[in-house]
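An overview of the molecular structure
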Number of protein chains: 2
Amino acid sequence: MSRRRGGNVTDTIAAPQPIDPSLEPHEVAAADAAETALTEAAVDAANDGLDDPDLDVAPARTGGIDQDAVRRAIFGTWPEERARSRAIAADPQFWRDDSLAMPEHRDRVLGQLFALAEKGTPGLAYPKKYGGGHTAGGNIAAFEELFLADPSLQIKSGVQWGLFGGAIFHLGTEKHHDKWLPKLMSMELPGIYAMTETGHGSDVASVGTTATYDIDTEEFVIHTPFRGAWKDYLGNAAKHGKAAVLFAQLITKGVNHGVHAFFVPIRDDEGNFLPGIGGEDDGVKGGLNGIDNGRLHFTNVRIPRENLLNRYGDVAADGTYSSDIDSPGRRFFVMLGTLVQGRVSLDGAAAVAMQAGLQIAITYANQRRQFDNAGTGRETVLLDYQRHQRRLLPRLAQAYAATFAHDEFLRKFHEVFQGIDDTPDNRADLETLAAALKPASTWQAMATLQECREACGGAGFLAENRIALLHHDLDIYTTFEGDNNVLLQLVGKRLLEDYAKKIKGDPARTIATQVADRAFRGIGLSRLGGHVGDLGFHGRSVGWLRQAETQRNLLAARVEEPIAEIAAALNRVAKASPAEQQAAFNAQQNKLIETAHAYAELIQWEAFTRKLEEFDVDSDTHRVLTWLRDLLGLTAIERDLGWYLMSGRLTAQRARMVSSYANRLLARLRPHAQDLVDAFGYTDAHLRAKIATGAELERQEEAAAYFAELRASGNAPVDERTLYRDRRRAERAAKTNR
Amino acid sequence: MSRRRGGNVTDTIAAPQPIDPSLEPHEVAAADAAETALTEAAVDAANDGLDDPDLDVAPARTGGIDQDAVRRAIFGTWPEERARSRAIAADPQFWRDDSLAMPEHRDRVLGQLFALAEKGTPGLAYPKKYGGGHTAGGNIAAFEELFLADPSLQIKSGVQWGLFGGAIFHLGTEKHHDKWLPKLMSMELPGIYAMTETGHGSDVASVGTTATYDIDTEEFVIHTPFRGAWKDYLGNAAKHGKAAVLFAQLITKGVNHGVHAFFVPIRDDEGNFLPGIGGEDDGVKGGLNGIDNGRLHFTNVRIPRENLLNRYGDVAADGTYSSDIDSPGRRFFVMLGTLVQGRVSLDGAAAVAMQAGLQIAITYANQRRQFDNAGTGRETVLLDYQRHQRRLLPRLAQAYAATFAHDEFLRKFHEVFQGIDDTPDNRADLETLAAALKPASTWQAMATLQECREACGGAGFLAENRIALLHHDLDIYTTFEGDNNVLLQLVGKRLLEDYAKKIKGDPARTIATQVADRAFRGIGLSRLGGHVGDLGFHGRSVGWLRQAETQRNLLAARVEEPIAEIAAALNRVAKASPAEQQAAFNAQQNKLIETAHAYAELIQWEAFTRKLEEFDVDSDTHRVLTWLRDLLGLTAIERDLGWYLMSGRLTAQRARMVSSYANRLLARLRPHAQDLVDAFGYTDAHLRAKIATGAELERQEEAAAYFAELRASGNAPVDERTLYRDRRRAERAAKTNR
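Residues numbered from 1 in each chain as written. Chains lettered and ligands numbered in written order. Predicted model: local features only at pLDDT ≥ 70, side-chain atom pairs only at ≥ 80, totals over all residues. Heavy atoms only, no water.

Where an unreviewed UniProt entry is consulted, chain A appears under the name acyl-CoA oxidase, with the organism given as Gulosibacter macacae. The Subcellular location (unreviewed entry) comment attached to chain A in UniProt states, word for word, "Peroxisome". Note on chain A: under the UniProt heading Sequence similarities (unreviewed entry), the record states "Belongs to the acyl-CoA oxidase family." (UniProt positions renumbered as here; feature names shortened; annotations may be inferred.)

Right, here's the structure in full:
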């Protein structure tokens with residue numbers, strides 16, 4: 001850890017900005033001439049309130065943070081499962097080998113799955129009666145940590161034990177469990193989750209594959225009617241899968257009962273397709289090339305009636321369809337509800353990715369020096385540049401927020417899937433939470449890894465430093481398990497629905513309750529005038545921005561007001577034709593999705609804030625984490641500053657304070673940045689990034705020692721620039737004396 | 001082309017937004033209940049001025065655009081060179097083979113360079129006396145188009161003929177040209193450009209490698225004093241390079257004259273390192289794996305005095321140093337000025353990448369259907385969703401702007417490097433332009449390719465659809481040839497310098513002149529009050545936003561005012577200590593870099609606008625391109641809306657119009673989107689994306705035909721959802737009649 005820390009904090013903090021050595025004096029002093037241009041307003045604007053006494057209420061520096069306490073908070077509710085899985089991720093046999101081409105990479109990951117099976121990893125997800133540990137939350141926590149072994153390993157095991165096994169477990173019944181769970185847990189039965197088709201991804205209800213019941217033989221006939229109905233992008237389909245859980249339109253007695261799941265054998269023990277089945281390899285992908293994704297098609301393939309996973313819908317021998325759920329729409333949602341597990345785990349994996357990328361990039365930025373720190377003879381540490389802080393520290397705040405929000409999310413998931421509080425309302429809330437958080441965190445992780453890559457320069461582009469390839473693998477997390485934009489639209493519809501209930505005075509509690517309680521607490525448009533008045537006063541505005549209540553109200557208003565506006569717009573066409581209604585909805589679609597995204601960020605901010613409220617830790621640590629939470633809130637507000645000004649929620653003066661106070665927070669957090677990433681607790685065996693091992697620090701020290709020795713030796717060459725500047729000064733002096 | 005067009009425009013335009021089929025009626029009608037919540041303000045806000053008559057001044061649809069005329073504009077000033085190079089990019093022997101692992105990929109690209117040499121491609125860059133065509137601009141135009149063959153091919157040929165060859169050409173003298181240009185043009189001499197070191201990338205002036213002159217033997221001694229001084233990330237260094245242009249501190253007679261370039265043999269004909277030279281392979285990278293990047297180090301390697309590339313500085317046999325340029329700072333800048341060629345070409349390649357990504361994603365979005373278009377029985381085309389338009393069309397506007405800005409940039413480059421107008425001022429302007437446009441366009445291209453990748457869903461992640469791998473290769477374009485953030489800081493310093501001159505009334509024309517003429521035309525802070533007054537009136541505000549002059553003034557103010565504020569802030573510490581001055585600069589760094597970025601976007605907007613002014617084309621085409629330019633300007637203003645409101649440049653009412661009018665522009669441009677990407681003129685042989693070949697359209701038609709036939713057959717199964725809804729309706733009817 002100490003090898004990771006760049007020098008000691010005091011010699012790197014607030015280091016000055018270097019002057020480009022090649023600039024001529026008149027260039028450096030360019031600003032001098034600007035004097036005459038100053039106006040009162042320009043001074044105020046440039047001041048940006050930095051003179052506000054409020055800014056100095058809290059000291060700019062405090063003692064180091066309590067890393068162990070913070071790490072415990074980050075490990076969350078299932079620390080043992082997480083720790084055991086981190087040990088696996090640190091075991092070389094599970095690491096990604098960057099030198100492997102796709103075929104070898106696929107074989108390696110398959111072998112790793114067998115090794116995981118031997119370690120009993122899959123057990124966590126399944127009932128004790130099958131030798132499992134059956135902890136829904138613990139299983140996901142462990143699964144997420146596999147990301148740093150190799151994302152391909154994580155996702156392939158997710159296909160086997162989360163999707164394929166999960167579908168048999170959640171959509172099947174005991175006979176299916178007895179028959180297949182032990183085999184899939186041991187990897188004797190490598191499986192495929194055959195839901196998506198070339199023609200239908202987001203709209204699962206419209207898949208084209210049919211499963212038609214044949215009364216005479218008591219079989220289902222699985223058939224692919226056209227090319228667009230080929231199953232596609234399926235992990236394990238190109239090579240390793242022996243059977244599939246296949247989603248198809250269940251047709252019996254002339255009625256289509258909608259999408260149901262069926263167990264379909266795919267390959268024989270020699271790996272050849274069974275009769276009537278064909279397929280293709282999806283080939284090289286943008287990432288996750290350790291997984292053999294592929295396509296499947298079926299030509300009148302017959303499977304026994306019992307292969308219908310019949311927990312939510314069944315077909316009797318005589319072809320009669322039955323289900324406990326009357327509404328086919330509800331039934332479909334309940335069946336798909338099992339998919340939420342995938343979204344929970346991607347949200348957690350995104351948090352892991354952010355943590356790892358930032359631990360690498362900030363460690364490097366705290367050791368790497370570039371551009372002469374004029375006067376000191378030493379170069380400036382990258383993290384001392386304000387721009388570098390601006391690029392990385394708000395991302396660090398998001399990583400913490402995403403981590404804390406994920407733990408709450410995971411607890412709710414556990415409540416529902418462990419049967420502790422498995423109510424329809426709770427399931428619906430869980431699904432909305434998943435539809436909000438998975439998009440927010442996967443997009444944050446993509447942007448964070450890209451920023452980390454660029455912040456490490458050319459070194460960030462080398463596989464040996466990890467970031468670039470993690471970014472490639474993470475890319476598809478924004479698409480699978482539900483496209484981010486489609487998921488956010490579902491969230492938006494739920495917010496509209498809750499808003500309508502609220503207006504109707506519907507007693508039913510709503511997902512937005514946590515927002516509603518304050519967002520709908522009459523800070524609506526009707527009261528705006530008064531608000532602007534309240535905000536007009538400049539004094540104490542930083543103190544005001546620092547209050548959690550202020551940040552919460554602003555972030556909540558960013559959700560509530562647009563929802564009210566959209567509802568109003570839709571309401572105006574409530575009596576119009578379906579086409580007109582849909583056109584009206586489409587005209588609001590972008591706004592609705594952006595509002596849903598703002599809602600997701602509010603949830604993350606609130607989770608961070610709740611963590612602070614309950615966090616029993618020393619005051620210095622608490623203060624640093626509070627600064628980080630404030631940075632999260634203020635940079636979120638800053639991104640939407642236009643909206644806050646248009647809505648009258650912020651005056652121009654206060655709006656300016658948002659950015660200036662955010663910059664002040666960067667300077668305060670900077671000395672704690674290394675502690676805050678070290679607290680994630682990933683070792684070199686997890687990060688496997690040469691630039692984050694201390695190698696850069698050694699190079700810097702070696703170079704510094706070389707120059708020191710050279711100077712001491714008296715053999716150092718004279719710098720022509722020095723001779724040139726001295727000559728210029730002499731000339732200028734001569735002129736003035738003339 | 002026609003196979004690429006989704007259906008006919010009229011049946012896809014403004015298609016309504018589907019209602020999730022699984023939603024219950026009460027969910028769909030949620031908005032109804034919102035009625036009571038409406039307030040005047042909410043209605044206005046939801047209206048967002050869509051009722052403004054101005055919005056309907058221009059028809060929402062016009063005839064198709066004149067693709068040939070637009071394509072000629074896109075081909076720019078060197079159409080023949082571009083066309084010839086596009087033919088090469090369409091030739092399979094130059095294509096990237098995604099199945100190859102790194103070693104085979106490297107060999108393939110090396111072979112492709114020999115093939116290019118045979119075609120005479122490198123000739124374009126060099127003097128006729130060496131069999132070249134010597135057209136600086138034409139050479140770059142041709143080079144950019146190689147991107148779609150394989151970015152590795154483009155960059156490796158750029159290393160050979162742009163960097164290695166270019167350095168010998170621009171920094172060497174005739175004896176060097178005679179000796180090496182013919183060999184490097186023919187690939188007999190594969191070369192390395194050895195500038196960057198592990199320890200110094202952006203700060204080239206501080207490289208550690210030394211070249212010390214030895215009078216006795218009349219040789220330079222090349223030496224690597226410590227690990228950080230290893231040359232690193234060098235193309236051709238790991239395997240193929242036989243010689244290098246190496247940058248090192250030139251030391252003679254005890255004086256360090258700064259960084260100079262030397263010709264250094266690296267490998268013998270068997271490919272073994274020459275004595276005193278060692279190295280490492282950089283291994284797998286995030287992209288461009290067809291290039292053998294590596295590291296080199298030197299232990300007292302001796303080269304003859306004549307190997308100093310001595311155009312700007314020379315050492316006589318007796319060790320006396322001489323140069324025509326007195327100031328070492330200037331001399332360094334002039335030598336590095338040759339680097340601008342790389343930045344020009346990356347800017348152009350970024351434009352090509354945006355064009356290709358958008359031609360793929362928009363073609364697919366115009367054929368792909370998802371979610372039932374309720375009532376029509378047909379699914380909705382992706383590009384009819386407002387969100388999808390919002391994701392892709394502003395990027396299309398940026399692609400056009402980047403393309404037009406690049407052509408102006410390239411013309412300036414040609415003026416200077418062809419010696420048509422090679423003045424120090426023109427060179428300085430060219431370097432500032434490069435430092436502004438290369439970051440803007442490479443970042444735009446990265447964001448555009450990522451958006452295109454996600455907009456194509458899972459298909460976008462497959463190598464067979466190109467986008468993901470182009471994104472991987474393009475990634476490092478934001479870092480090499482000058483890190484984007486470092487370059488933008490140089491632009492910011494230049495803007496500050498020009499601002500100072502302006503204030504001093506310095507007659508010298510400044511790079512910011514084009515901005516200055518209006519940005520400094522007294523719309524500064526002092527006049528703001530009056531401005532806000534002017535803006536207060538709501539009527540005609542859309543007409544006002546549509547005016548080019550309005551957009552220009554707003555975009556220019558976004559540059560000028562922050563520069564004035566930063567100058568003021570720096571001026572306040574002009575008399576302070578260097579450390580305080582640097583701290584003050586650092587406190588402004590992020591703002592300065594963002595302002596430089598805004599300046600780059602202004603340049604792009606102006607290039608688009610100039611193109612419209614001179615564009616002799618039919619009025620429909622001109623109108624569509626003007627809408628696209630307006631979308632560029634308005635979305636740029638929209639991103640900074642907070643600033644425009646804080647500065648008083650926009651009132652809340654007009655600020656709302658910005659987004660609502662941008663949305664209206666999306667609807668107007670949507671029917672022309674396919675024409676606008678087809679105009680780029682890339683064929684299937686360039687795009688090589690299966691989803692952009694019309695295959696998706698065929699799948700859609702096959703599926704539609706299948707269902708039509710099924711319905712006609714009378715054997716279509718009944719949908720349980722229909723039965724269920726009818727039953728529900730009947731129940732409700734019964735209730736009300738009771």
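After presenting the structure, the write-up continues.
On to the relation of the copies chain A and chain B, then. Superposing chain A onto chain B requires a rotation of 180° together with a translation of 0.0 Å along the rotation axis, leaving an RMSD of 0.0 Å. The superposition operator between the copies reduces to a two-fold rotation axis. Of every C-alpha in chain A, the one belonging to Gly-642 of chain A sits nearest the axis of rotation, 1.8 Å from it. A shared binding surface is used by both copies, with 99% of the interface residues of chain A retained as interface residues in chain B. (Least-squares fit on C-alpha atoms with pLDDT ≥ 70 in both. Contact = heavy atoms within 4.5 Å.)

Residue and element names in this part refer to chain B. Position of Arg-267 relative to the elements: it lies in the loop between strand E6 (255–265) and strand E7 (277–281). Of the side chains with opposite charge, Asp-292 lies nearest to the buried Arg-267, which makes no salt bridge, at 5.8 Å. Side-chain polar atoms of Arg-267 contact the backbone oxygen of Ala-238, separated by 3.0 Å. Polar contacts involving the side chain of Arg-267 include one to the main-chain carbonyl oxygen of Gly-241, which spans 3.0 Å. Residue contacts for Arg-267: discarding those within four places in its chain leaves Ile-192, Asn-236, Ala-237, Ala-238, Lys-239, His-240, Gly-241, Lys-242, Asn-272, Phe-273 and Leu-274. (Helix = DSSP H or I, 4+ residues; strand = E, 2+ residues; numbered from the N terminus. Buried < 20%, exposed > 50% of the residue type's maximum accessible area, 1.4 Å probe, protein only. Lys, Arg positive; Asp, Glu negative; His and termini not counted. Salt bridge = Lys/Arg side-chain N within 4 Å of Asp/Glu carboxyl O. Polar contact = N/O pair within 3.5 Å; in protein donor to acceptor, adjacent residues only side chain to side chain.)

All names here are of chain B. Even without being glycine, Glu-218 reaches a positive phi, approximately 55°. With respect to the helices and strands, Glu-218 occurs in the loop between strand E2 (210–214) and strand E3 (219–223). Phi at Arg-688 is positive, roughly 45°, even though this residue is not glycine. With respect to the helices and strands, the residue Arg-688 is situated in the loop between helix H26 (684–687) and helix H27 (695–713).

The next subject is the pairing of strand E8 (residues 294–298) of chain B. Residues and elements named next belong to chain B. Within E8, 4 of the 5 residues are buried, which leaves the element mostly enclosed by the surrounding structure. Inspection of the sheet shows strand E4 (residues 231–234) paired to E8 by 2 bridges, in the antiparallel sense. Bridge assignment links Lys-231 to a residue of E8, and that residue is Leu-296. Across 5 bridges, E7 lies against E8 in antiparallel orientation. Bridging across to E8, Asp-281 finds its partner in Gly-294. (Pairing = 2+ DSSP bridges.)

Owing to its 3.6 residues per turn, the α-helix brings residues three or four apart onto one side. All names here are of chain A. Within helix H7 (residues 136–145), 10 of the 10 residues are buried, which leaves the element mostly enclosed by the surrounding structure. Restricting attention to buried positions, one finds in H7 the residues Ala-136, Gly-137, Gly-138, Asn-139, Ile-140, Ala-141, Ala-142, Phe-143, Glu-144 and Glu-145. Buried residues belonging to H7 abut helix H5 (79–89), helix H8 (151–171), helix H11 (340–365) and helix H12 (386–417).

Taken residue by residue, the interface counts 149 residues in chain A and 147 residues in chain B. For the pair chain A and chain B, the summed buried surface comes to about 12,500 Å²; carbon and sulfur atoms form 57% of the total. Linking chain A with chain B are 8 salt bridges. On inspection of chain A and its partner chain B, the count reaches 66 residue pairs in polar contact (both at pLDDT 80 or more). If you tally residues by element for the side of chain A that touches chain B, the top one is helix H21 (residues 578–614) of chain A, at 12 residues. Bridge analysis of strand E6 (residues 255–265) of chain A against strand E14 (residues 718–719) of chain B gives 2 bridges, and the strand direction is parallel. Following the sheet pairing, Val-255 of chain A is matched in E14 of chain B by Val-718 of chain B. (Buried area = accessible area lost by both parts, 1.4 Å probe.)

All right, on to the sheet that holds strand E4 (residues 231–234) of chain A then. Residue and element names in this part refer to chain A. Taken together, 3 strands build an open sheet; the order of strands is E4-E8-E7 and the sheet is antiparallel. Looking at the sheet topology across the chains shown, the edges are occupied by E4 and strand E7 (277–281). Taking the axes of each pair of neighbouring strands and ignoring which way they run, one obtains an average angle of 20° across the sheet. (Axes fitted to C-alpha atoms, helices over the stretch in contact; angles between N-to-C directions.)

The next point concerns the sheet that holds E8 of chain B. All names here are of chain B. Strand order in the open sheet formed by 3 strands is E4-E8-E7, and the pairing between neighbours is antiparallel. Sheet topology places E4 and E7 at the edges, where each strand pairs with a single neighbour. Between one strand and the next, the sheet's axes are offset by a mean angle of 20°, whatever the strand orientation.

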